[in-house]
Structure formats: C-alpha cells, structure tokens
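Chains, contacts and geometry: an overview
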Amino acid sequence: MLALFRVDPPATRSREAKCQHAGMSVDGYRAMTSALRDFLDLVATAGPGADVDALTTDLRRWTDRLAPHRVDESRRVFGERFDLPDRGQTMTPLFVPRLVTTVRAEGVARFGEYFLGSNGAAHGGAVPLLFDEVLGHVVLARGLRARTAYLHTEYRAITPIGRDLTVRARVDRVSGRKLFLTAELSDGDAVCAESEALFVELRDGAP
Ligand SMILES: CCCCCCCCCCCCCCCC(=O)SCCNC(=O)CCNC(=O)[C@H](O)C(C)(C)COP(=O)(O)OP(=O)(O)OC[C@H]1O[C@@H](n2cnc3c(N)ncnc32)[C@H](O)[C@@H]1OP(=O)(O)O
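Rules used in this analysis
- Residues numbered from 1 in each chain as written.
- Predicted model: local features only at pLDDT ≥ 70, side-chain atom pairs only at ≥ 80, totals over all residues.
- Heavy atoms only, no water.
- UniProt positions renumbered as here; feature names shortened; annotations may be inferred.
- Helix = DSSP H or I, 4+ residues; strand = E, 2+ residues; numbered from the N terminus.
- Phe/Tyr/Trp six-rings, centres within 6.5 Å; stacked < 30°, edge-to-face > 60°.
- Buried < 20%, exposed > 50% of the residue type's maximum accessible area, 1.4 Å probe, protein only.
- Lys NZ or Arg CZ within 6 Å of the ring centre and 35° of its normal.
- Near = heavy atom within 4 Å.
- Polar contact = N/O pair within 3.5 Å; in protein donor to acceptor, adjacent residues only side chain to side chain.
- Areas by Shrake-Rupley, 256 points an atom, 1.4 Å probe, with all protein chains shown as cover.
- Salt bridge = Lys/Arg side-chain N within 4 Å of Asp/Glu carboxyl O.
- pLDDT = per-residue confidence, 0-100.
- Domains from an automatic or database assignment.
- Contact = heavy atoms within 4.5 Å.
- Buried area = accessible area lost by both parts, 1.4 Å probe.
- Pairing = 2+ DSSP bridges.
- Axes fitted to C-alpha atoms, helices over the stretch in contact; angles between N-to-C directions.
- Expected span 1.5 Å × (residues − 1).
- Arc of directions from axis to C-beta.

Turning next to the UniProt feature "domain: Thioesterase" (unreviewed entry) in the protein chain. The UniProt record annotates "domain: Thioesterase" (unreviewed entry) at residues 119–189. Secondary structure content for residues 119–189 is 23% helix and 46% strand, while the C-alpha to C-alpha distance between its ends is 21 Å.

Dropping the structure here:
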C-alpha cells in the first residue's frame, strides 16, 4: 500500500483554487483524464478497421462539446490538479508519488502503450519527460518558481511498457538560484535510465 506524502507549498493552494469550475464534481475531472489515458493506450494498440469512421465522428463530437468550455491558461485544469497523483493530465507517463519532500521524491511510474517506441521499449523522449515531472515535484515542494535549464538522460536498458517501475529523484546540490538534481528509473533491480538536471530559480518578475 503506497503512502502518499504531499508537501503543500503556498503556490499549490492557489493552483487548486483556480481549478474550481462551476458544476464540475471533485472526482469528475480525474475520471475524465483517467478515461483519456485508457483511450490513448488503446489508440496506440488498436487497429480499428471499419470502426475508424464512426470513431472519428465521435471524437469530433467530443471536441465540439469541449470547445465552449475553453479557458485561458490562468484557469486551466489540465496539469493543475495538484491534489491528484497525476496532476489531472495525460501528457506524461503516469507517476504516482509515494514520497515527496524538499530534497527527494520517489514513486511508481508506468509507461502505457501510448508511450511505446518500439519492440517493447518506451520512446526515448518519454523517459526525460517522466524525469522532468518527478524532479518538478521536488522543486515545487521547495516552493520555488524554477525552470529546467538542462536535463541529461542516460539510457542504461530499455524502459518496459505496461509495468510498474520505480523512480527516484533527489537534490544533490544547491548553489544560489541553481538546483542540481539527479534521478533514476528502475525496473526491479535493473536501472533503466538515469538523469542529471539543473533547475534555475526564476528571477523576480520573470515570466
Ligand atoms: C509539492 C506538492 C506536490 C505537487 C506536485 C508538483 C508537481 C509538479 C510537476 C511539475 C513538473 C513540471 C516541471 C517542468 C519544468 C520545466 O520543464 S520548465 C520548461 C523547460 N525549461 C525552460 O523552458 C527554460 C528555458 N530557459 C530559461 O527560461 C532560462 O534560460 C533559465 C533556465 C530560467 C535561466 O535563465 P536566468 O534566470 O536568466 O539565469 P542565468 O542568469 O542565465 O543563469 C543563472 C545561472 O544558471 C546557469 N545556467 C543557466 N542555464 C544553464 C544551462 N543550460 N546549463 C548550465 N548552466 C546554466 C548560469 O550559468 C548561471 O550560473 P551562475 O553564473 O549563477 O553560476
């Protein structure tokens, strides 16, 4: 059983407030993005045959239905649900944190079929996407506004699709506005990938 430990920096609280939209249930958005993840995994694996035209029509209907609900970035929900393990987004491989502190983060990661590169291995670009997400948790736990300056990734072994993997990240060193971090993704005892990153705290007034 995973224990979910979340730090709650002030920035997070204001983010939650902006995610409140009239009539949207607390769990509704979570269910929608979860359904979307399942759908994307199936899009990647299915050969829909004759169903493709009907599916396209349905998809267009969904787009038309969502269009009137468009909001500007300051009121977005996608990726801003900090109360949810995946932040209510489908852009990154799933990361379920079990520990987040100001110096480290650890959790379970899973690359769905959507993130397949080839031959059972996750797409090489999806791996740093996960690392950026996990490192972002640590940086945000410090209450910082910071951006990734670099993120170097070493691929040690293939990252398998559809399995629970372990991901760990930690702050190695802080120097002024610079945070040097490392991260590791493993499948049991096998290390799949490692990363070294620099996050730079933004200057006051930086966009
Ligand atoms: C907690 C509760 C749970 C909640 C759950 C949280 C979930 C949370 C998930 C969010 C997950 C998303 C996390 C994604 C985070 C991004 O992906 S951010 C988007 C990608 N990154 C960018 O777009 C950054 C683009 N670049 C920039 O904006 C600017 O270059 C930077 C990085 C802000 C730096 O600009 P600057 O502030 O003007 O800094 P500058 O004065 O040039 O440099 C400062 C120092 O850094 C060094 N530096 C800067 N760039 C570099 C570089 N590339 N290489 C080496 N050194 C560098 C400089 O040499 C300088 O060093 P010193 O002289 O001080 O020793």
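This paragraph deals with the packing of aromatic side chains. Aromatic rings considered in pairs are described by the distance between their centres and by the relative angle of their planes. Scanning the entire structure with this criterion turns up three aromatic pairs. Considering the side-chain rings of Phe111 and Phe115, the 6.3 Å spacing of their centres and the 90° angle between planes classify their relative orientation as edge-to-face. An identical accessibility class is assigned to Phe111 and Phe115; each is buried. What links up through ring pairs into an aromatic cluster is the set Phe111, Tyr114 and Phe115. Against the face of Phe180 rests Arg173, its NZ or CZ located 4.1 Å from the ring centre.

A few words on the site of the ligand. Taken together, the neighbourhood of the ligand is formed by 21 residues, with Asp132, Thr148, Arg177, Lys178 and Arg203 sitting nearest. Arg203 is positioned with one of its side-chain polar atoms (N or O) 2.9 Å from an oxygen atom of the ligand. Starting from 1300 Å² of accessible surface for the ligand in isolation, the protein chains cover 57%. Those elements giving two or more residues to the shell around the ligand turn out to be helix H4 (126–141), strand E5 (146–155) and strand E8 (190–201).

We now examine the pattern of salt bridges. Per the stated rule, a full pass over the model turns up 12 salt bridges. Note that Arg61 is salt-bridged to Asp58, the shortest N-O span being 3.1 Å. Of this pair, Arg61 and Asp58 both sit in helix H3 (residues 52–66), three residues apart, which is roughly one turn of the helix. Residues Arg168 and Glu106 are paired through a salt bridge, measuring 3.6 Å at the closest nitrogen-oxygen approach. Separated by 62 residues along the polypeptide, Arg168 in strand E6 (residues 165–175) and Glu106 in strand E2 (residues 104–110) bring together distant segments of the chain.

On average, residues of the protein chain carry a pLDDT of 91, and 91% of them reach 70 or more. Two numbers describe this predicted complex: its pTM, 0.92, and its ipTM, 0.95.

Let us now look at the domain arrangement of the protein chain. Each assigned domain of the protein chain is listed here: domain 1 (11–74) and domain 2 (92–201). On the domain 2 side, the residues contacting the seven residues of domain 1 number eight residues. In total, about 610 Å² of surface goes out of reach between domain 1 and domain 2, with carbon and sulfur atoms giving 61% of it. The largest contributions to the domain 1 side of the interface with domain 2 come from Arg37, Leu40 and Asp41, which together make up 61% of the buried area. At the junction of domain 1 and domain 2, the tally comes to zero salt bridges. Here domain 1 is connected to domain 2 by three residue pairs in polar contact (both at pLDDT 80 or more).

In this section: the sheet that holds E8. Taken in spatial order, the six strands make up an open sheet running E1-E2-E6-E7-E8-E5, and their pairing is antiparallel. Bordering the open sheet on either side are strand E1 (94–100) and E5, each of which pairs with just one other strand. For this sheet the average axis-to-axis angle between neighbouring strands, irrespective of direction, equals 25°. In this structure, E6 lies alongside strand E7 (residues 178–187), joined through nine bridges in antiparallel fashion. Following the sheet pairing, Ala169 is matched in E7 by Ala183.

What follows deals with the side chain of Arg87. Mapped onto the elements of the fold, Arg87 is located in the loop between H3 and E1. Given the relative accessible area of 17%, Arg87 is considered buried. Engagement of the side chain of Arg87 in a polar contact is seen with the backbone oxygen of Gly79, the distance being 2.8 Å. Residues contacting Arg87, with those up to four places away along its chain left out, are Val77, Phe78, Gly79, Glu80, Arg81, Phe82 and Glu133.

The end-to-end C-alpha distance of helix H2 (residues 28–45) is 26 Å, a good match for the 26 Å that 18 residues give at a rise of 1.5 Å each. Every buried residue of H2 is accounted for by Tyr29, Thr33, Arg37 and Leu40. All buried residues of H2 lie within an arc of 85° about the axis, which places them on one face of the element. Its buried side turned inward, H2 meets E1.

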